[in-house]
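Here's the letter readout for the chains.
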Amino acid sequence: MRPGPKNAITDVAGIEVGHHTHASGLTGTTVVLAREGAVAGVDVRGSAPGTRETDLLQPSNLVERVQAVVLSGGSAYGLEAANGTVKYLEEHGLGQPVGPNQVVPIVPAAVIFDLGRGGDFQLRPTSEFGYQAAQRASGGPVAMGNVGVGTGARAGGLKGGLGSASVVLDSGIVVGAIVAVNSLGRIHHPVTGDLYARYLELAGEFGMKWPDTVPPPPTADYSDVFAEGNELRVRNTVIGVVATNAALTKVQCQKLAQMAHDGMARAIQPAHTMFDGDVIFALSTGNSGSVGPAELSNLGALAADTFSRAIIRGVLAAKSAGGMTSYREAFPEA
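Values in this document were obtained by computation on a predicted structure and should not be read as measured data.

A.B. asks: Would you mind going over the overall build of the chain with me for this structure?
C.D. replies: From N to C terminus, the chain includes 5 helices and 13 strands. Over its C-alpha atoms the chain spans a radius of gyration of 18 Å, differing by no more than 12% from the 20 Å that the globule rule assigns to 334 residues. Projected onto its principal axes, the C-alpha positions of the chain cover 60 × 45 × 35 Å. For the chain, the proportion of its 334 residues judged to be buried stands at 60%. Counted over contacts in the chain with a minimum sequence separation of 6, partners at least 24 positions apart contribute 79%. Of the roughly 12,900 Å² that the chain leaves accessible, carbon and sulfur atoms contribute 51%. Placing the 24 positive and 29 negative side-chain charges of the chain at their respective mean positions leaves the two points 3 Å apart.

A.B. asks: So what exactly am I meant to see when it comes to the pairing of strand S11 (residues 174-181) here?
C.D. replies: Of all 8 residues in S11, 8 are buried, a share of seventy percent or more. Side-chain alternation along S11 places Val174, Gly176, Ile178 and Ala180 on one buried face and Val175, Ala177, Val179 and Val181 on a second face that is also buried. For S11 and strand S12 (residues 239-244), the ladder comprises 6 bridges, and the chain directions are antiparallel. Considered in S12, the bridge of Val179 is made with Gly240.

A.B. asks: Is there a simple way to think about the pairing of strand S1 (residues 16-21) in this case?
C.D. replies: Sheet faces and side chains relate simply in a regular strand, where the side chains alternate between the two faces. Counting buried positions along S1 yields 5 of 6 residues, so the element is predominantly enclosed. Where S1 meets strand S2 (residues 28-44), 6 bridges bridge the pair, whose relative direction is antiparallel. In the strand pairing of S2, Thr21 is matched with Gly28. Between S1 and S2, which follow one another and run antiparallel, lie 6 residues.

A.B. asks: I'm lost on the packing of aromatic side chains in this one. Help?
C.D. replies: Aromatic ring pairs are defined here through the distance separating the ring centres and the angle between the ring planes. Under the counting rule described, the total for this entry stands at 2 aromatic pairs. For the ring pair Tyr88 and Tyr131, a centre distance of 5.8 Å and an interplane angle of 80° mean the geometry is edge-to-face. Residue Tyr88 is found in helix H1 (residues 81-91), and its partner Tyr131 is found in helix H2 (residues 127-135); the two are separated by 43 residues along the sequence. We classify Tyr88 as buried; its relative accessible area is 5%. Overall, Tyr131 belongs to the buried group, its relative accessible area being 15%. On the numbers, 5.2 Å between centres and 40° between planes, the contact of Tyr327 with Phe331 is tilted. By relative accessible area, which is 11% here, Phe331 ends up buried.

A.B. asks: How should the pattern of salt bridges be read in this particular structure?
C.D. replies: Once the charged atoms of two side chains with opposite charge are near each other, the side chains can pair. Applying the stated rule across the entire model yields 7 salt bridges. Two residues, Asp170 and Arg2, come together in a salt bridge whose shortest N-O distance is 3.8 Å. On the criterion of sequence distance, the pair formed by Asp170 in the loop between strand S10 (161-168) and S11 and Arg2 in the segment before S1 is long-range, its members being 168 residues apart. Here Asp170 falls in the exposed class, since its relative accessible area comes to 79%.

A.B. asks: How do you make sense of the nonpolar core when you look at a structure like this?
C.D. replies: Nonpolar side chains in soluble globular proteins generally cluster together in the buried interior. Judged by nonpolar contacts, the single largest core of 45 residues is most densely connected at Val242, Phe307, Ile311 and Tyr327. Contributions of two or more residues to this core are made by S10, S11, helix H3 (250-267), strand S13 (279-284) and helix H4 (293-317). Here this core gets 10 residues from one element, more than from any other, and that element is H4. For Tyr327, the contacting residues outside a window of four places in its chain are Leu158, Ile187, His188, Gly193, Asp194, Leu195, Met208, Val315, Leu316 and Ala334.

A.B. asks: I'm lost on the packing of H3 against H4 in this one. Help?
C.D. replies: Packing of H3 against H4 leaves a shortest axis separation of 7 Å and a crossing angle of 40°. When the axes of H3 and H4 are compared, the pair comes out oblique. Of the two elements, H3 crosses H4, and the hand of that crossing is right-handed. Contact residues: H3 offers Gln252, Lys255, Leu256, Met259, Ala260, Asp262, Gly263, Met264, Arg266 and Ala267, while H4 offers Leu296, Ser297, Leu299, Gly300, Ala301, Ala303, Ala304, Asp305, Phe307, Ser308 and Ile311. For the contact of H3 with H4, the class distribution of residues is 12 nonpolar, 5 polar and 4 charged.

A.B. asks: For this particular structure, what's the right way to read the packing of H1 against H2?
C.D. replies: A pair of packed helices is captured by two measures, namely the crossing angle of their axes and the spacing between those axes. Relative to each other, H1 and H2 sit at 45°, their axes nearing to 5 Å. In terms of axis orientation, H1 runs oblique to H2. In this structure, the crossing between H1 and H2 has a hand that is right-handed. Here Ala81, Asn83, Gly84, Thr85, Lys87, Tyr88 and Glu91 of H1 come into contact with H2, specifically with Ser127, Phe129, Gly130, Tyr131, Ala134 and Gln135. Here the residues of the contact of H1 with H2 are counted per class, giving 5 nonpolar, 6 polar and 2 charged.

A.B. asks: I'm lost on the environment of Val142 in this one. Help?
C.D. replies: Within the secondary structure layout, Val142 lies in the loop between H2 and strand S8 (154-155). Leave out the neighbours within four places in its chain, and Val142 touches Ala8, Thr10, Val17, His19, Ser164 and Ile178.

A.B. asks: Teacher, can you tell me more about the environment of Asp43 here?
C.D. replies: On the secondary structure map, Asp43 appears in strand S2. When the C-alpha positions of Asp43 and Ala257 are compared, they lie 5.5 Å apart, and in sequence the two are 214 residues distant. If we skip the residues at most four places from it in the chain, Asp43 touches Ala257, Gln258, His261, Asp278, Val279 and Ile280. In terms of polar contacts, Asp43 uses its side chain to reach the side chain of Arg45, at 2.5 Å.

Rules used in this analysis
- Residues numbered from 1 in each chain as written.
- Predicted model: local features only at pLDDT ≥ 70, side-chain atom pairs only at ≥ 80, totals over all residues.
- Heavy atoms only, no water.
- Helix = DSSP H or I, 4+ residues; strand = E, 2+ residues; numbered from the N terminus.
- Rg over C-alpha atoms; globule rule 2.2 N^0.38 Å.
- Buried < 20%, exposed > 50% of the residue type's maximum accessible area, 1.4 Å probe, protein only.
- Contact = heavy atoms within 4.5 Å.
- Areas by Shrake-Rupley, 256 points an atom, 1.4 Å probe, with all protein chains shown as cover.
- Lys, Arg positive; Asp, Glu negative; His and termini not counted.
- Charge placed at Lys NZ, Arg CZ, Asp CG, Glu CD.
- Pairing = 2+ DSSP bridges.
- Phe/Tyr/Trp six-rings, centres within 6.5 Å; stacked < 30°, edge-to-face > 60°.
- Salt bridge = Lys/Arg side-chain N within 4 Å of Asp/Glu carboxyl O.
- Core = buried A, V, L, I, M, F, W, Y, C linked by side-chain atoms within 4.5 Å.
- Axes fitted to C-alpha atoms, helices over the stretch in contact; angles between N-to-C directions.
- Parallel < 35°, antiparallel > 145°, perpendicular 65-115°, else oblique.
- Left-handed = near helix turned anticlockwise from the far one by under 90°.
- Nonpolar A, V, L, I, M, F, W, Y, C, P; charged D, E, K, R; others polar.
- Polar contact = N/O pair within 3.5 Å; in protein donor to acceptor, adjacent residues only side chain to side chain.

Okay, here's the thing in structure tokens:
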């Protein structure tokens, strides 16, 4: 296994990514675009989600393909960004055909809580964010850290960010992930700074010096994380997308999203709490062939690993902002 040439979700054919970052505030929007459509699934694992069009992605429902997924800051207010992406897609004739020269773009979305992190609670993404992010989407390298939906993200008390990663198999199958790391749980040991999922590194992508010893368990319990006075408790959520060029059905995409959540749980402790709205979408751009149970299980395991790596890369790329210290500054010796 090896990372793709961009080590990003855009290594998956047919996937593009664009961002719109607020010029002065700590918020933004990221759009994952599939112009030709992608079979989609979703798994909502957190208990405080902010989402749009997730019911549509259930396997029993009619529509199979989406044209984009929007990941945005702004909590529930930020769902408005998806309207801008819908507008962009309609202008380009991309969507579910409903009549002669008529389409309805299918754009699921999920949001993180970053309200007030730039000092202004009223500052949140609008439909223009979604339009601009879609307009800037490309299949090139993906900017990470303080960009798009990762601009105001916070990860376990440190600065979070946007991360992406990919893996390529000898068969030519590619699995990619993109994630906004805005978790209540930590991605690192609170004393040593050791990253929980660092053992998944491929090709030296994290660029760090690792200790030879295995760190002790982080704490006896997580009561400090859930303490009543912890202002982070209701200001969280990790959201992301996994994608592959393997040809999957809608049911299989849902399973891919389910298994990808294992990567979140490995990289973040604790994950999927009552105070997180964790959501993972899954996209398949493949148009030929079929995938059996064993191959799907392997793709799901790879999606989990890739999602973990994307989480770490997003946090390592983040820079201190808005009173939030970056991992690199907190643990300069790592």
